[in-house]
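Chains, contacts and geometry: an overview
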Amino acid sequence: MKEAKKKSPARIYLTFAAMIIVCGLIGGTASYAAISNQLSMQDLSQWANQMLSAPGPWWFTPGLLLLAGSTGFYFRGKRLIPQALGDDEAFSQANLTLCRSMFLCNLSMVFLFLALALSYSASWGIGWSILLLILQIIWMTTIQARIVSATKQISPEKLGNIFDLKFYRDWYESCDEAEQQQIAQCGYQTFKVMTTIFPGIMVILAMGTILGMIAPAYSLLVGGLWLVQQFVYNYTAIQMDKKRG
């Protein structure tokens, strides 16, 4: 196992202090510039909102393209299933292809909600937006169910129904120890990245709220999500410590 490099406490504290000072200088400079030119910043905000809503139903395009790619990977993985049942190399290839299919499908879900928010704020194409929304939901849920079904064919021990609210729990419990550890590593990487992103977004939202460019509700929303993340992580850690004790 690769050992982590040790850093001296002085270097750690100096690096942290330098980051705080740099962030403070950037934030102070940006705030002063924005306050001195508040009117133009508000105009810029209104212009950005208009530009974001202008494409209307076209916002569904990225999600639909991702679903097309997901469908292509699904059919490619499905063709490998007969070989995967008797060959380890084909099994790995089929499993990886189906994972890529699910990856693109999950990304399309994010773009679905982005399109839902951005397209309906446009002044045109509401009918097309509703039609594309229904199409993407049906396509997305169908391909998810087919990917899970195909995965179960090469891994019969897997449990869970994609339409069941307890799907993730059943699927996780049916994974072996190596797969569960892989899921834990993925969760750790996600937590590490989001713990870095949340403070940055909160600073931006706070500055925007002070300048009257952003409604306070956005800060409450992001702060609430951050709070949920921290609560679930720490509560789970405490419960696990209790069980070990």
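Our subject is the structure listed above.
Along its length, the chain carries nine helices and zero strands. Going from the N terminus to the C terminus, the chain shows its helices and strands as α-α-α-α-α-α-α-α-α. Counting only residues that meet the buried cut, the chain has 25% of its 245 residues in that class. Intrachain contacts of the chain at a sequence separation of at least 6 include 64% that bridge at least 24 residues. Carbon together with sulfur atoms contributes 69% to the accessible area of the chain, which is approximately 17500 Å² in total.

Looking now at the pattern of salt bridges. Counted by the stated rule, this structure contains three salt bridges. With a closest N to O distance of 3.5 Å, K158 and E157 form a salt bridge. On the basis of relative accessible area, K158 is assigned to the buried category, the value being 6%. When its relative accessible area of 44% is taken as the criterion, E157 is described as partly exposed. Across the salt bridge formed by D170 and R169, the nearest N and O atoms sit 3.3 Å from each other. Residue classification places D170 among the buried positions, given a relative accessible area of 18%. The structure contains a network of salt bridges with shared partners spanning E157, K158 and E179.

Among the nonpolar cores identified, the biggest contains 25 residues, and F60, Y74, L98, I143, I147 and I154 are the most heavily contacted of them. Those elements that provide at least two residues to this core are α3 (61-79), α4 (81-84), α5 (88-119), α6 (126-154) and α7 (167-173). Residues in contact with I154, not counting those within four places in the same chain, are I81, A84, L85, F91, A94, N95 and L98.

Take a nonpolar patch on the surface next. On the surface, F103, L107, V110, F111 and L114 cluster together into a nonpolar patch covering about 440 Å² of accessible area. Mapped onto the fold, V110 is located in helix α5. The exposure class assigned to V110 is partly exposed, which follows from its relative accessible area of 49%.

Rules and cut-offs
- Residues numbered from 1 in each chain as written.
- Predicted model: local features only at pLDDT ≥ 70, side-chain atom pairs only at ≥ 80, totals over all residues.
- Heavy atoms only, no water.
- Helix = DSSP H or I, 4+ residues; strand = E, 2+ residues; numbered from the N terminus.
- Buried < 20%, exposed > 50% of the residue type's maximum accessible area, 1.4 Å probe, protein only.
- Contact = heavy atoms within 4.5 Å.
- Areas by Shrake-Rupley, 256 points an atom, 1.4 Å probe, with all protein chains shown as cover.
- Salt bridge = Lys/Arg side-chain N within 4 Å of Asp/Glu carboxyl O.
- Core = buried A, V, L, I, M, F, W, Y, C linked by side-chain atoms within 4.5 Å.
- Patch = residues over 30% accessible without salt bridge, like charges linked within 9 Å, V, L, I, M, F, W, Y side chains within 5 Å.

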